[in-house]
Structure formats: C-alpha cells, structure tokens
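Coordinates in review
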Amino acid sequence: MRMSKLFVQTLREFPADAEVISHKLLVRAGYIRKLTNGVYNFLPLMWRVLKKVENIVREEMDAAGAQELLMPFVQPSELWQESGRWDVYGKELMRLKDRHGREMCLGPTHEEVITSIAREGIRSYKQLPVNLYQIQSKFRDEIRPRFGLLRGREFIMKDAYSFDVDEEGLDKSYEIMAQAYKNIFKRCGLETKMVQSDSGAIGGSVSHEFMVLVNEESENNAGENDVFYCTKCGYSANSNHAVSILNEVATDGKFEKTEIIDTPNTHSIEELSKFLDIPSTVICKSLIYVIDGKYVLALIRGDRTVEETKLMNVFAGNDIRIARNDEIEEIMKISGFNAVAGFIGPKGLKNIEIVADETVKGLKNFVIGCNQNDKHLVGANWGIDVELPQKIADIRLVEENDKCVDCGAELKVTKGIEVGNIFKLGTKYSKAMNATFTDKDGKEKPFIMGCYGIGISRTAAAAVERHHDEYGIKWPLAIAPYTVIVVPVSDQDETQMKVAEEIYNKLLAANVEVLIDDRSERAGVKLKDADLIGIPYRITVGKTIKDNLVEFKTRANNSVEAITPDEAIEKILSL
RNA sequence: CGGGAUGUAGCGCAGCUUGGUAGCGCACUUCGCUUGGGACGAAGGGGUCGCACGUUCGAAUCGUGUCAUCCCGACCA
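Let us look at the structure shown here. (Residues numbered from 1 in each chain as written. Chains lettered and ligands numbered in written order. Predicted model: local features only at pLDDT ≥ 70, side-chain atom pairs only at ≥ 80, totals over all residues.)

**Details of the pairing of strand β18 (residues 366–369)**
The condition is simple: Three exposure classes are used, based on other C-beta atoms lying within 10 Å of a residue's own C-beta, which is placed from the backbone: buried for 20 or more, exposed for 12 or fewer, and partly exposed in between. Starting at the N terminus, helices and strands are each numbered in turn, a helix being any DSSP run of H or I of at least four residues and a strand any DSSP run of E of at least two. Any two strands are treated as partners once DSSP identifies two or more bridges connecting them.
Residues Phe-366 and Ile-368 point to one face of β18 and Val-367 and Gly-369 to the other, with burial holding for every one of them. Pairing geometry for strand β14 (residues 283–291) and β18, over two bridges, is parallel. Paired with Cys-284 across the strands is Ile-368, a residue of β18. Pairing analysis gives three bridges linking β18 to strand β19 (residues 375–380), with the strands arranged antiparallel. What sits directly across from Phe-366, in β19, is Ala-380. Counting the residues between successive antiparallel strands, the hairpin from β18 to β19 contains five residues, one of them, Asn-371, with a positive phi of roughly 60 degrees.

**Structural notes on the protein's contact with RNA strand B**
Here is the rule we go by: Should the C-beta atom of a residue, placed from the backbone, lie within 6 Å of a molecule or strand, that residue is near it. In this count, Pro and Cys sit with the nonpolar residues alongside Ala, Val, Leu, Ile, Met, Phe, Trp and Tyr, while Asp, Glu, Lys and Arg are called charged and the others, Gly among them, polar.
Taken together, 57 residues lie near RNA strand B, and Asn-37, Gly-455, Ser-490, Gly-524 and Gly-542 sit nearest. Taken together, the elements giving at least two residues each to the surface near RNA strand B come down to β8 (154–164), β21 (411–426), β24 (448–455), α11 (456–466) and α13 (523–533). Ranked by residues supplied to the surface near RNA strand B, first place goes to α13 with eight residues. Looking at the surface near RNA strand B residue by residue, the class counts come to 17 nonpolar, 19 polar and 21 charged.

**Things to note about helix α6 (residues 167–187)**
What counts here: Helix span, as expected, comes to 1.5 Å for every residue beyond the first. Directions drawn from the helix axis to the C-beta atoms are what define this arc.
Between its terminal C-alpha atoms α6 stretches 30 Å, which fits the 30 Å expected from 21 residues at 1.5 Å a residue. When α6 is considered as a whole, its buried residues turn out to be Leu-170, Ser-173, Tyr-174, Met-177, Ala-180, Tyr-181, Ile-184 and Phe-185. For α6, the angular spread of buried residues about the axis comes to 130 degrees, placing them on one side. Within α6, the exposed residues directed more than 90 degrees away from the buried face are Glu-168, Glu-175 and Gln-179.

**Section: the sheet that holds strand β6 (residues 103–106)**
Convention followed: Fitted lines through C-alpha atoms serve as axes, helices being fitted only where they are in contact, and the angles separating the N-to-C directions of these axes extend from 0 to 180 degrees.
Reading across from one edge, β4-β6-β5 is the order of the three strands in this open sheet, with antiparallel pairing throughout. On the outer flanks of this sheet lie β4 (74–76) and β5 (95–97), each paired with one strand and no other. Ignoring strand direction, the axes of neighbouring strands in this sheet form an average angle of 40 degrees. Across three bridges, β4 lies against β6 in antiparallel orientation. Counted as the bridge partner of Pro-76 is Met-104 from β6.

**Here's the deal with the sheet that holds strand β30 (residues 550–554)**
Paired through their backbone hydrogen bonds, the strands of a sheet run either parallel or antiparallel. Rules: The contact criterion used here is simple: two residues whose C-beta atoms, placed from the backbone, lie within 7 Å are in contact.
The sheet built from five strands is open, its strands ordered β28-β27-β29-β30-β31 with mixed pairing. Unpaired on one side and paired on the other, β28 (514–516) and β31 (559–563) mark the two borders of the sheet. This sheet shows a mean twist of 20 degrees between the axes of neighbouring strands, independent of strand direction. Note that strand β27 (residues 484–488) and strand β29 (residues 537–541) share five bridges and pair parallel. Opposite Val-484, over in β29, you have Tyr-537 as the bridge partner. Lying on the sheet, helix α12 (residues 494–509) is in contact with β27, β28 and β29; it crosses β27 at an angle near 165 degrees. Each of β27, β29, β30 and β31 is contacted by helix α14 (residues 565–573), which is oriented at about 25 degrees to β30, the strand it contacts most.

**Here we look at the packing of helix α2 (residues 44–63) against α6**
Keep this limit in mind: Roughly parallel refers to an angle under 35 degrees, roughly antiparallel to one over 145, roughly perpendicular to one between 65 and 115, and oblique to any angle outside these ranges. The sense of a crossing depends on the near helix, which, turned anticlockwise from the far helix by less than a right angle, makes the crossing left-handed and, turned clockwise, makes it right-handed.
Two elements in contact, α2 and α6, have axes separated by 9 Å at closest approach and are oriented at 150 degrees. Overall, the two elements α2 and α6 adopt an arrangement that is roughly antiparallel. Considering how the two elements wind past one another, α2 and α6 form a crossing that is right-handed. Contact with α2, carried on its side by Ile-56, Val-57, Glu-60 and Met-61, involves Ala-180, Asn-183, Ile-184 and Arg-187 of α6 and no other residues of that element. Split by residue class, the contact of α2 with α6 holds five nonpolar, one polar and two charged.

Structure follows, in structure tokens:
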C-alpha cells in the first residue's frame, strides 16, 4: 500500500478528551475516530488490526473444534423474558421498539439466542458436545463508557457457547477453551494471567478471566481490575472473588467492664480507634447496604473492607450500593433509634438482614455501635451483649500480604485489563428456556452449557497499552496492520526512490504486507509517522544507498542496523 | 444517577472578567524553496462561537433553560 493513498490522518497532538495511552495513540495515529460517546469508527488501519486478531481467534477456535456462525444483532424481548433476564439485566441492555411497538434489544451477549438455536437443532446426545461461536459487534449501554476502545458501548466480541451432556463434558469443554484462550493471547503478543472471578450477571458457577497485567505502567493506569495473586503457588483471582486466610491480629479488646461509653465525634473507625486508644482490629464495623432494594447490615472487623460483589452474592442479588443517609434514617426510625452512620450496631435493628464477615467471629471484649449517637458499647462479647448473626460469610476484600488459601504464601495485587472471560453456565439457560435433548437412557435433559468471550477490540487496545513508547505504538507482529514500511528519505533523490520502489515491489510480490511512504514529505514527517503508527519493521533508504546500504529498524526495541537492500528483504521474508 | 470540569474551524487552544459583529498554532489548497527526525516564505479556503429562550441599539461575551463531552464512584469483553 502506498502511504500517499492510504486513508489515514495522523495528528500532531494528542486528542484532549482521551485519558489512557491506547486511546490517545489510536486516535492520534489515525486508527479510530469517535462517532459518539463510547462508539468508534474503525478506520482502515484499525480494521486491519482487528481482522488480524479475529483471524487468530478464528484459527484457534476452529482448531479447538468450535464452529463459527453469526447470530442477529437485534433480538426479541420474548427470549429474554424466557430466560428471566429481561427484568434483571439493567440499563446496559439497550431496549427499543419496532414499528409495531414490539420490544427488542441490541445484543449485549447471546446466551438466549444460542440456547434457542440449540433447543431447535439438538435433539440427541449423539449431537453433543458442540461448541458454537461468532465474532460480532455487541452493544452495552454502559453507565460510563471511557478509555476509548477499552470500555466502549459498541465493541467487537467473540462469544462462544458450549453444550454438553453432563458436568464432566462441560469440564472438558471448559478446559479446551481455557487452552485455546492461552494460545490466542500468546499469539497476539499478549501475556495474560488466567484468574478466578465472580460470574456476575451472566450467571453460572465457575468462571475465569484472562487479564493483561498493566501495573508497570504508572501513567494513567488503564487496568480496571485488581488482581490478587500468590507469590508462590499459581493462585490468582479478581478482587471480587479473591479469598485469603484470616490474618492473625489482636482480637481481644481487653476492656474490664462491659458498658456504653461516650465517644463523641467518632464517625469513622480511625477516629474511634484513636479516641479509645485501641487497635481497629477489636472494633466491629457496621455498614448498611441496599441489595435489590432490601436493607442489609454487614458486620466486619474494623481493619477490613467489605467486598460488595461478595456481599451481594450472599443474597444472590443483582444490584448493591451503600445506603444513603436518608435510608439509614428510615431504618433507625423503624427500629426506634436515631443514630447516624458511625454509631450503628446490630442490636435492636428491625426490618433488616444481618450478615457477619468471618473476621468478627473471633472478637472478644470488642467495641461496637449501639445505635446511640456519640456512644459505643465497649467490652462486648457475642452471645452475651450482642447476638452473633446467623449468617456468617466471607464478604471481605482481600488485602496485599494476606495469606494464600492454597499454600499460605503472601498474596500480592496488580492491575489488569480483562480481555477474555470463560464461564461454566450449567443449566441456567437451558432449564429456564426449556432447551433439552434426549440422553442415552431416553430421558429429556437440559443442556449443560458454558460460555466464552473475548473482547476483540479491547484486546487490540490492550496490546497498545502494553506495547508503546513515547513515539507511538509498537504493534506485536502478529496483529500489526502492516509488517514493514519502506521509507525513501528524499523523494527528490532518484536512486533512493528507485531502490525503495524495488524493495517495495519485491516484498509485495512475496505477499508481504508492506507500506511505502511515497509522500512528498520531509524525512522527519515520514519517520515520525512510521514510529507513531507502529509498523514493526522499517526499511529506510537514505544517503547510504550510495554504499548499497539501507537502515533496518526494529520498532519493538528501536534497534537499527545498516544492511544491503537484499539483506533487508531477506530479513523480512524470514520472519 | 451523584460529585467536578468543559463546549469557539478537522485537531489543539486564546478571546468572555470590562458586550461593539471572531483570532492563533497545526492540518488543508496554490506557488516558491527545502528533504535523515513533525522546515521556511507568500497567497488562500474553511466557523449561524453546542442548542433554545431572554436582557440589550448590539451577545462568543450577561441571565435562564437544555443538550453534549470529559474526569471521580456503582457495570463488564
């Protein structure tokens, strides 16, 4: 391709509305352009990259025995009503009506549609297992799209769905996909970590996420997930799912008397601990949450933080948030108190579910709110002064230096970009939608399903996050829009132009994806653009051509060497 | 949805306090000159100043409303 004809506009400055580096670079280097909030045009260079990623995904999925199909982007509400998700999938589901007033939605994911396909097409266990996938645009009306391609509303996704006879079959299908995913990301030039995660709105039991770790980048960190991992064994998990061994701390408050004492203006654990001159580990913290509209009181030791997803899962909820002050007021009123946040305790509360984290179980002679402002109960003990809640669960956020449940070594935390996700769905959809097959024993059984997603556009953006420098993008070879760019330094030097054209034509003839910068620009412009756009290799034809030498540059490490044109061609052909 | 900020040419910005009919850099067009790291000179084209209503002889500038965008929290590939 000739640069003079290539549809690309590079910008001399970064766009003002971009925050993370992949967004800044992709816009500046002319790969993408925003159409509207969270929705981007993929310009020719970007589309080449996306097709590369898609093809890697396609090859590995096919090799893993999956079959590609394409489902509609617009879906009828009926299917979603069958699965029960029409009412629980929140505002991310883009709903619309057709001319007859019939309710539809833009596909954010395709469990319902694929289940309806399986329901119609699979009658017998003999047809199983089967894995079907598609690569397609998805639309999720995200609350806050941001970070360019990393969290758009419309994005390209590969979604696959497996159907098995039984759990062992699912385990096998899941394993095959996990391996395919490892191959895919490796081929894309991305190091990923497979971590345990919460299964969220899609549902199901087991799930893992593939994270591109980005902690090394201190500038505007694009990693939206905290990943905890063990420094010794292989354990790693998203913070919304991570567990750890209870850490050993002082849990005896050593108060001589049990009494309610004045603790003025101690709204936070920190203030209370300072005021009483005790460690925060002997305080029981009380937090009121609203889960699916119902009130929940969560008790946790003063030094720890509640993990909201874990808490929500205790009640199988879909939505969780901390209660507002007016809601706390309402609870207090119902229970006959008037305490504000900071002085709340479980004793005497009405109309609320109570759950305690494991950390509070071992507390002795501890401090806890008693629903009286500016007062706390000190020297409390479970079963004597306050009832230990019946519901006890792990609802705490893991912290760095907690111990691994598998091997006892220390856990560390890092940031990650989630580029892929695999779930064991089980029968969640097949049961709800009555999708069954006839098994060996002649009985009707629901499919055992799994689902497997990869953010294609996000993967490309993640590659930019991981591979760039101050001059621009450094595409991994496998997903670069072009392999090599030939740059004649001066378009007025006949020899340079002639040699550049020769190199270009030879590479073209060898089916190499090659660009030639034939624009009548000054050298600086052409070299800067080549770096910005991030083509993996550059062959610069300059003055040294009189000695039959060109400059061969490897963008990945910015190394250069002077070699002959033929050697340069040879190097490219031997990649 | 809550908190903060911003909307002026394709991109980056100034002008707004103290109203007087819009400007700079990049990009674009033409000519000259230049060609190893985003040159230079000359001449051009392009904006109903987000939108609406109001105040005023007169509004980018003041007021009210509205829409959009960006950042911080709850969603997720």
